[in-house]
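# Report on the structure
Here is how the chains run, residue by residue.
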Amino acid sequence: MSPQFHSYPAPAKLNLLLHIVGKRADGYHLLETVFRFIDYSDTVELAVRDDGQIVLLNPIDGVPPEQDLTVRAARLLQQASGCSLGATIRLTKRIPMGGGLGGGSSDAATVLLALNRLWQTNFSREKLMELGLSLGADLPVFIFGKNALATGIGEKLNEIKLKPAWYVVIHPGVHVPTAKIFQNFAGRVLTEEGTISIMRILETTQQRRNELQQVVSEMYPAVNEVLSELKKYGSPLMTGSGACVFLECQSEEEADKVYQAMSVKYKGFVAKGLNSHPLLDIE
Ligand SMILES: C[C@@](CO)(OP(=O)(O)O)[C@H](O)COP(=O)(O)OP(=O)(O)OC[C@H]1O[C@@H](n2ccc(N)nc2=O)[C@H](O)[C@@H]1O
Ligand SMILES: Nc1ncnc2c1ncn2[C@@H]1O[C@H](COP(=O)(O)OP(=O)(O)O)[C@@H](O)[C@H]1O
């Protein structure tokens, strides 16, 4: 009998702003950032296996299956729960890799949420977030499931309500490794703004900053070029540690128009800002 696959979305995120507010003894940077989910997603299909194996049917080019975050997430849940079941994973990638859109983290979070149900391991969301954090600083927010103001290394999360918006997202065609950017960050460490101040900054696009943008622009001129092009239409920002650059628009029509002009030269997409993660209500 062929295995029964269940299909789950893994949405991308944008960092609507990103401030560096400190550094931990282990070298990780303390951040203040706003995560927003967008309706542009990978798809993770999962089928339960009785033999305990974790099998990724279609490994990503250049990422050995054992290192794929979906496989690592499944194994982590297996180990933490003592579950004897396994899973077959089929991954459909759409979110560009190394783009600051959190695709790998989102895939892994979806695996944790979905297998927790399929295997009936019944861990709480808090426990899954704790497990997820050991795979990446970006992972907990995808399990938290709500747009959030994040502090710590990105794991201390408070829900934040955001206005409807559409985003033109452009990929400058370069792959930016997160670790390299943090290593080269030499900017001034800022003081946390706090929720009220962040809400005020979010009211317009002009005041938003990504403190990693300068170092990425210097190391990757292609990112700087896209930022300059998008500045013709408003106040663009880089997401996370790059490479993708986005422009927030108030209507889908406006976003489509900007994207149409940009797409003559660049690859990208238009996405709607979500109010929450599509798996927020998964039990
Ligand atoms: C910068 C952000 C902003 O949302 O997004 P991305 O651009 O990667 O999507 C995240 O903090 C990235 O999270 P994630 O991609 O999970 O990073 P990790 O795998 O945990 O860390 C990769 C490396 O980046 C550095 N790092 C990461 C997060 C952080 N707060 N401080 C750091 O200094 C560390 O050197 C670490 O070894
Ligand atoms: N399922 C996965 N999807 C994407 N990247 C993965 C996955 N598993 C492991 N990786 C590794 O994680 C790196 C970062 O990927 P990704 O999360 O897409 O970017 P970013 O951290 O910039 O948002 C990739 O370059 C790849 O080597």
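Please read all numbers here as calculations on a predicted model, not as lab measurements.

With that settled, the discussion passes to the sheet that holds strand S8 (residues 237–238). Taking strand neighbours across the sheet as the criterion, the four strands line up as S8-S9-S7-S10 in an open arrangement whose pairing is antiparallel. Sheet topology places S8 and strand S10 (267–272) at the edges, where each strand pairs with a single neighbour. Here S8 runs beside strand S9 (residues 245–249); their pairing, made up of two bridges, is antiparallel. By the bridge assignment, Met-238 is partnered in S9 with Val-245. Most of the contacts of helix H8 (residues 221–230) go to S9, to which it runs at about 20°, and overall it touches strand S7 (166–171), S8 and S9.

This paragraph deals with the nonpolar core. With 42 residues, the main nonpolar core has Leu-46, Ile-89, Leu-115, Trp-119, Ile-143 and Leu-157 as its most contacted residues. The dominant element in this core, judged by the number of residues it contributes, is helix H2 (residues 103–118), at eight residues. In terms of nonpolar packing, the next biggest core, distinct from the first, is built from 27 residues, Ile-20, Phe-185, Met-238 and Ala-243 among them.

In the vicinity of ligand 1, 20 residues are found, and the nearest of them are His-29, Ala-137, Asp-138, Thr-178 and Ser-241. Here an oxygen atom of ligand 1 sits 3.0 Å away from a polar atom, N or O, in the side chain of Lys-13. Within the backbone of Ala-137, an N or O atom sits 2.8 Å from an oxygen atom of ligand 1. Within the residue set of the shell around ligand 1, elements represented by two or more residues are strand S1 (6–23), strand S2 (29–49) and helix H5 (178–184). Counting only domains with at least three residues in the shell around ligand 1, you end up with domain 1 (6–159) and domain 2 (166–272).

Turning to the pairing of strand S5 (residues 148–151), a few remarks are in order. Alternating positions in S5 separate into two faces, Ala-148 and Ala-150 on one and Leu-149 and Thr-151 on the other, with burial throughout. Both S2 and S5 contribute to a ladder of three bridges, which runs antiparallel. Bridge assignment links Val-34 to a residue of S5, and that residue is Leu-149.

Leu-69, Lys-93, Gly-100, Gly-102 and Gly-104 are the nearest of the 20 residues found near ligand 2. Here Leu-101 contributes a backbone N or O atom positioned 3.3 Å from an oxygen atom of ligand 2. Here Gly-104 contributes a backbone N or O atom positioned 2.9 Å from an oxygen atom of ligand 2. Within the complex, 81% of the 540 Å² of free accessible area of ligand 2 lies under protein. Residue contributions to the shell around ligand 2 peak at four residues, all from H2. Among the residues making up the shell around ligand 2, the classes are represented as six nonpolar, 11 polar and three charged. Both domain 1 (6–159) and domain 2 (166–272) contribute no fewer than three residues apiece to the shell around ligand 2.

A few words on the domain arrangement of the protein. Split into domains, the protein comes out as domain 1 (6–159) and domain 2 (166–272). Between the C-alpha centres of domain 1 and domain 2 there is a distance of 23 Å. Between domain 1 and domain 2, the contact holds 27 residues from the first and 36 residues from the second. Approximately 2,600 Å² of surface area, both sides summed, lies buried where domain 1 meets domain 2, with 67% of it carried by carbon and sulfur atoms. Contact with domain 2 buries area across many residues of domain 1, yet Leu-16, His-19 and Ile-20 alone supply 22% of it, more than any other trio. The tally of links from domain 1 across to domain 2 stands at zero salt bridges. For the pair domain 1 and domain 2, the interface holds 15 residue pairs in polar contact (both at pLDDT 80 or more). When residues of the side of domain 1 that touches domain 2 are traced back to their parent elements, those giving at least two are S1, S2 and S5. Among the elements that make up the side of domain 1 that touches domain 2, the one with the highest residue count is S1 (10 residues).

Rules used in this analysis
Residues numbered from 1 in each chain as written. Chains lettered and ligands numbered in written order. Predicted model: local features only at pLDDT ≥ 70, side-chain atom pairs only at ≥ 80, totals over all residues. Heavy atoms only, no water. Pairing = 2+ DSSP bridges. Helix = DSSP H or I, 4+ residues; strand = E, 2+ residues; numbered from the N terminus. Contact = heavy atoms within 4.5 Å. Axes fitted to C-alpha atoms, helices over the stretch in contact; angles between N-to-C directions. Core = buried A, V, L, I, M, F, W, Y, C linked by side-chain atoms within 4.5 Å. Buried < 20%, exposed > 50% of the residue type's maximum accessible area, 1.4 Å probe, protein only. Near = heavy atom within 4 Å. Polar contact = N/O pair within 3.5 Å; in protein donor to acceptor, adjacent residues only side chain to side chain. Domains from an automatic or database assignment. Areas by Shrake-Rupley, 256 points an atom, 1.4 Å probe, with all protein chains shown as cover. Nonpolar A, V, L, I, M, F, W, Y, C, P; charged D, E, K, R; others polar. Buried area = accessible area lost by both parts, 1.4 Å probe. Salt bridge = Lys/Arg side-chain N within 4 Å of Asp/Glu carboxyl O.

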